[in-house]
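# Working through the structure, step by step
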Amino acid sequence: MKSNRFDKKFYLVREDVLPDVMKKTLEAKELLDRGKAESVGEAAAIVDLSRSAYYKYRDTVFPFSSVVKDRLITLFIYLEDRSGALSRLLTLVAEADCNVLTIHQTIPLQGRANITISLNISQIKGEIEHLLEKIRSLDYVEKVEVVGTGV
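This structure is a prediction, so every number in the text was calculated from the model and none was measured.

### Digging into the pattern of salt bridges
Summed over the entire model, instances satisfying the criterion amount to 10 salt bridges. The shortest N-O distance in the salt bridge between Arg82 and Asp139 comes to 3.3 Å. With a gap of 57 residues between them, Arg82 in the loop between strand 1 (72-80) and helix 5 (85-95) and Asp139 in the loop between helix 6 (128-137) and strand 4 (141-149) connect regions that are remote in the sequence. Given the relative accessible area of 35%, Arg82 is considered partly exposed. Asp139 gets classed as exposed once you look at its relative accessible area, which sits at 54%. Of the charged contacts in the structure, one is a salt bridge between Lys125 and Asp97, with a shortest N-O distance of 4.0 Å. Note that Lys125 is positioned in the loop between strand 3 (112-120) and helix 6 and Asp97 in the loop between helix 5 and strand 2 (99-105), a separation of 28 residues in sequence.

Okay, here's the thing in structure tokens:
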């Protein structure tokens, strides 16, 4: 029986602690996936990576969105208690074509509410990382944590 990448143990690691060679491998893979490079050699040259390094890491490093099994994600968000903040957050989610499955908001204490939101991201426009970046960039969002994926 041939093993695949899902037979292995996975870890979620922040990008800023990844070695440059792994980040460049991910960039090269993205160039190939999007058709911005026609070959591994071209993609590797664009991101300043050796072909041997690309081949060494290509099957071991993946963007977060490629390993989310059922395209469901649960987020925990620290949201400042401002009028319309939750509405604007949900508008951002809707604009990304994500479907809200569940949402729970605590009573705001000390100017902050905690939001737990489960999303179906199977129809998402773009990558989940881009949506997370947009949510984090909102001036009334203090923190966003991914607390679960899958069913």
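### Comments concerning the nonpolar core
The biggest cluster of nonpolar side chains holds 23 residues, and the ones touching the most others in it are Leu75, Ile77, Leu119, Leu131, Ile135 and Val141. Put simply, the parts of the chain that give this core at least two residues each are strand 1, helix 5, strand 3, helix 6 and strand 4. With near-sequence residues (within four places) excluded, Leu131 lies in contact with Leu92, Ala96, Cys98, Leu119 and Ile124. Counting residues in hydrophobic clusters, the runner-up holds 10 residues, among them Ala28, Ala37, Val40 and Ala43.

### Overview of the sheet that holds strand 2
In spatial order, the strands read 2-3-1-4; together these four strands make up an open sheet with antiparallel pairing. What marks the edges here is a single partner per strand, and that holds for strand 2 and strand 4. Between one strand axis and the next, the sheet turns by 20 degrees as a mean value, whatever way the strands run. Where strand 1 and strand 3 come together, nine bridges link them in antiparallel fashion. Paired with Leu72 across the strands is Asn120, a residue of strand 3. Across the sheet, helix 5 lies against strand 1, strand 2 and strand 3, angled at about 160 degrees from strand 2, the strand it touches most. Seen against the sheet, helix 6 touches strand 1, strand 3 and strand 4 and runs at an angle of roughly 150 degrees to strand 4.

Rules used in this analysis
- Residues numbered from 1 in each chain as written.
- Predicted model: local features only at pLDDT ≥ 70, side-chain atom pairs only at ≥ 80, totals over all residues.
- Heavy atoms only, no water.
- Salt bridge = Lys/Arg side-chain N within 4 Å of Asp/Glu carboxyl O.
- Helix = DSSP H or I, 4+ residues; strand = E, 2+ residues; numbered from the N terminus.
- Buried < 20%, exposed > 50% of the residue type's maximum accessible area, 1.4 Å probe, protein only.
- Core = buried A, V, L, I, M, F, W, Y, C linked by side-chain atoms within 4.5 Å.
- Contact = heavy atoms within 4.5 Å.
- Pairing = 2+ DSSP bridges.
- Axes fitted to C-alpha atoms, helices over the stretch in contact; angles between N-to-C directions.

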